[in-house]
Amino acid sequence: MQLPTSLTQYLLQHLSQHPDQKDLVLMMSELAVIGKIISKETNRAGLSGILGAVGMTNIQEEQVQKLDVFANELCKSYLKNSGYFAALASEEEEHVVNLEKSDAQYIIAFDPLDGSSNIDVNVSIGTIFSVLRVQEGMPAASEQQFFQKASAQVLAGYLLYGSSTVLVFSFGAGVHEFTLDQTVGEFLLSRGNIQLPEGGQTYSVNEGNTRYFSSEDKRFIDALKFDRGMSSRYVGSLVADFHRTLLTGGIFLYPGIDKDGSGVYKGKLRLNYEVKPLAFMLAQAGGYSTDGQSDLVERVPVKLHERVPFIFGNRALVEAYQNERR
Ligand code: AHM
Ligand code: MG
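Note that the structure is a prediction, hence the values are computed from the model and not measured.

Undergrad: Help me out: how do you make sense of the nonpolar core in this one?
TA: Across soluble globular proteins, you tend to see nonpolar side chains buried next to one another. Of all hydrophobic cores here, the largest spans 47 residues; its most connected members are Y158, L246, I251 and L253. Looking at this core, the elements with two or more residues in it are β5 (155-161), β6 (165-170), α5 (215-227), α6 (238-248), β11 (251-254), α7 (271-284), β15 (310-313) and α8 (315-323). Broken down by element, this core gets its largest block of residues, 7 residues, from α7. Looking at this core, you find at least three residues from each of domain 1 (7-191) and domain 2 (202-324). What L253 contacts, discounting residues up to four positions off in sequence, is S204, V205, F220, I221, L224, F310, I311 and Y321.

This is how it looks when you write it as structure tokens:
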């Protein structure tokens, strides 16, 4: 019987081929542990809600926390203790958190629990992470450290807490999916070197925003429906919508929207926590992502919590979108 490759085996093989990446391999293993803990909490989130609703404490006599707060605090304390990171940036933290490790060579940005509107209603949510090297010539815990483009990431990935929990990540050469076997508590390789299939038939967009779209965006989305006859899927958790697109192709659009009628079209998704890690993996899987003007893998952040339009999927479709805007 052929046993699937475990994450531990995969990481050891990777290390034997890339002895200089020991830290990255070890931090990937730590991130997988964080994923297992959040996965476990996610599975009993309904119970936490019941306890939380009456202001009760849990079995360890701790105050029950909202799942997103729990995930953020867990990531912070676990990543600090790992010793690999000089600083972290979280979607849930206003400022960069200095981890007081002056000799650490890496920084990490993460979205501890993506898909906040889906947390309380039992729909897939996720955790996204992006690891960068500390740049010389500036303080390790400065915001500027995070102003590096997606292609500078040395490790990026996500955990998707869905019908099963999967870990998808890349060290920069190939994207791999591991599925958590809850019975043995180990991630097992389920898809190696994922490549986006050509000719995906799904478009994914929050159609409720149609009135805020530019006329070009409305026209493009109408063409997906009426000319190409594509089918619609939208979870509203970026990790879930990304994972489906990675596996089945198609196009996802969260274009800039003009909600206040000012004529300025603003993106929603965060460059550092959501867009960069996903754009990095998508590029290796043969896909393409754009902010409407150019390749998001090369976009340099200018603000820590910067939000950008995010359109990704099969290259031909996304390039068609981009070409209409240039
Ligand atoms: P969050 O980080 O507060 O959860 O917001 C990001 C989420 C993404 O997961 C998802 O793609 C998007 O927001 C959905 O937005 P909307 O509800 O506007 O469609
Ligand atoms: Mg998010």
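Undergrad: How should the coordination of the magnesium ion (ligand 2) be read in this particular structure?
TA: Perfect tetrahedral coordination of a metal by four donors corresponds to 109.5 degrees between them, and perfect octahedral coordination by six donors corresponds to 90 or 180 degrees. Surrounding the magnesium ion (ligand 2) are the protein donor atoms E91 (OE), D111 (OD), D114 (OD) and E274 (OE), which sit 2.0 to 2.8 Å from the metal. Motif for the magnesium ion (ligand 2), donor spacing along one chain: E-x19-D-x2-D-x159-E. Each member of the pair, D111 together with D114, is buried.

Undergrad: What is the right way to look at the sheet that holds β5 in this model?
TA: Pairing between sheet strands relies on hydrogen bonds along the backbone, with the strands arranged either parallel or antiparallel. On the basis of which strands lie adjacent, the open sheet formed by 8 strands has the order β2-β1-β3-β4-β5-β6-β7-β8 and mixed pairing. Of all strands in the sheet, those with a lone pairing partner are β2 (97-98) and β8 (186-191), marking the two edges. Taken strand by strand, helix α4 (residues 67-82) contacts β1 (85-90), β3 (106-114) and β4 (125-133), and its axis lies near 160° from that of β3. α7 contacts β1, β3, β4, β5 and β6 of the sheet and is inclined by roughly 80° relative to β4.

Undergrad: Is there a simple way to think about unusual backbone geometry in this case?
TA: Backbone phi values are negative for most residues with the exception of glycine, while trans is the configuration of most peptide bonds. The phi torsion at E100 lies on the positive side, around 55°, for a residue other than glycine. For E100, the location among the structural elements is in the loop between β2 and β3. Even without being a glycine, N122 presents a positive backbone phi close to 65°. Mapped onto the elements, N122 comes out in the loop between β3 and β4.

Undergrad: Explain α7 to me, please; I cannot follow it from the model alone.
TA: An α-helical turn contains 3.6 residues, so a residue and the one three or four places further along point in the same direction. Under the 1.5 Å per step criterion, the end-to-end length of α7 is 18 Å for 14 residues, consistent within 8% with the ideal 20 Å. Among the 14 residues of α7, 13 are classified as buried, and the element is accordingly described as predominantly covered. Within two residues after α7, G286 carries a phi angle of roughly 85°, on the positive side.

Undergrad: Where do I start with the UniProt feature "binding site: Mg(2+) 1" (unreviewed entry) in the protein in this structure?
TA: If you check UniProt for "binding site: Mg(2+) 1" (unreviewed entry), the listed places come out as E91, D111 and L113 in our numbering. In sequence the annotated residues extend across 23 residues, while in space they remain close, none of their C-alpha pairs exceeding 9.0 Å. In this structure, D111 sits in strand β3. Ignoring sequence-local partners within four residues, the contact set of D111 consists of E91, G126, T127, I128, Y273 and E274. With respect to the element layout, L113 can be found in strand β3.

Undergrad: Please clarify how the sheet that holds β15 should be interpreted in this entry.
TA: On the basis of which strands lie adjacent, the open sheet formed by 5 strands has the order β10-β9-β11-β15-β13 and mixed pairing. Looking at the sheet topology across the chains shown, the edges are occupied by β10 (231-232) and β13 (288-290). Where β11 lies against β15, 4 bridges are found, and the strand directions are antiparallel. Each residue of the ladder has a partner; that of Y254, found in β15, is F310. The sheet strands contacting α6 are β9 (202-204), β11 and β15, and the helix crosses β15 at an angle near 30°. Against the sheet, α7 engages β13 and β15, with an angle of about 25° to β15.

Undergrad: Explain the packing of α5 against α8 to me, please; I cannot follow it from the model alone.
TA: Any two packed helices are characterised by how steeply their axes cross, that is the angle between the axes, and by the distance between the axes. Taken N-terminus to C-terminus, the directions of α5 and α8 make an angle of 150°; their axes are 10 Å apart at the nearest point. In this view, α5 runs roughly antiparallel relative to α8, as classed from their interaxial angle. In terms of crossing hand, the pair formed by α5 and α8 is right-handed. Only L317, A320 and Y321 of α8 make contact with α5, whose side of the interface consists of D217, F220 and L224. Of the residues belonging to the contact of α5 with α8, the class tally is 5 nonpolar, no polar and 1 charged.

Undergrad: I tried to follow the site of ligand 1 on my own but got confused; where do I start?
TA: Taken together, 15 residues lie near ligand 1, and E91, S116, Y234, L238 and Y254 sit nearest. Residue K268 places a side-chain N or O atom 2.9 Å away from an oxygen atom belonging to ligand 1. Considering ligand 1 on its own, with 470 Å² of exposed area, one finds that the protein chains cover 85% of that surface. Taken together, the elements giving at least two residues each to the shell around ligand 1 come down to β3 and β12 (269-270). Of the residues contributing to the shell around ligand 1, the split by class is 4 nonpolar, 5 polar and 6 charged. Summarising the domain contributions, the shell around ligand 1 has at least three residues from each of domain 1 (7-191) and domain 2 (202-324).

Analysis parameters
- Residues numbered from 1 in each chain as written.
- Chains lettered and ligands numbered in written order.
- Predicted model: local features only at pLDDT ≥ 70, side-chain atom pairs only at ≥ 80, totals over all residues.
- Heavy atoms only, no water.
- Core = buried A, V, L, I, M, F, W, Y, C linked by side-chain atoms within 4.5 Å.
- Buried < 20%, exposed > 50% of the residue type's maximum accessible area, 1.4 Å probe, protein only.
- Helix = DSSP H or I, 4+ residues; strand = E, 2+ residues; numbered from the N terminus.
- Domains from an automatic or database assignment.
- Contact = heavy atoms within 4.5 Å.
- Donors = N, O, S within 2.8 Å, 3.2 Å for Na, K, Ca; no water.
- Pairing = 2+ DSSP bridges.
- Axes fitted to C-alpha atoms, helices over the stretch in contact; angles between N-to-C directions.
- Expected span 1.5 Å × (residues − 1).
- UniProt positions renumbered as here; feature names shortened; annotations may be inferred.
- Parallel < 35°, antiparallel > 145°, perpendicular 65-115°, else oblique.
- Left-handed = near helix turned anticlockwise from the far one by under 90°.
- Nonpolar A, V, L, I, M, F, W, Y, C, P; charged D, E, K, R; others polar.
- Near = heavy atom within 4 Å.
- Polar contact = N/O pair within 3.5 Å; in protein donor to acceptor, adjacent residues only side chain to side chain.
- Areas by Shrake-Rupley, 256 points an atom, 1.4 Å probe, with all protein chains shown as cover.

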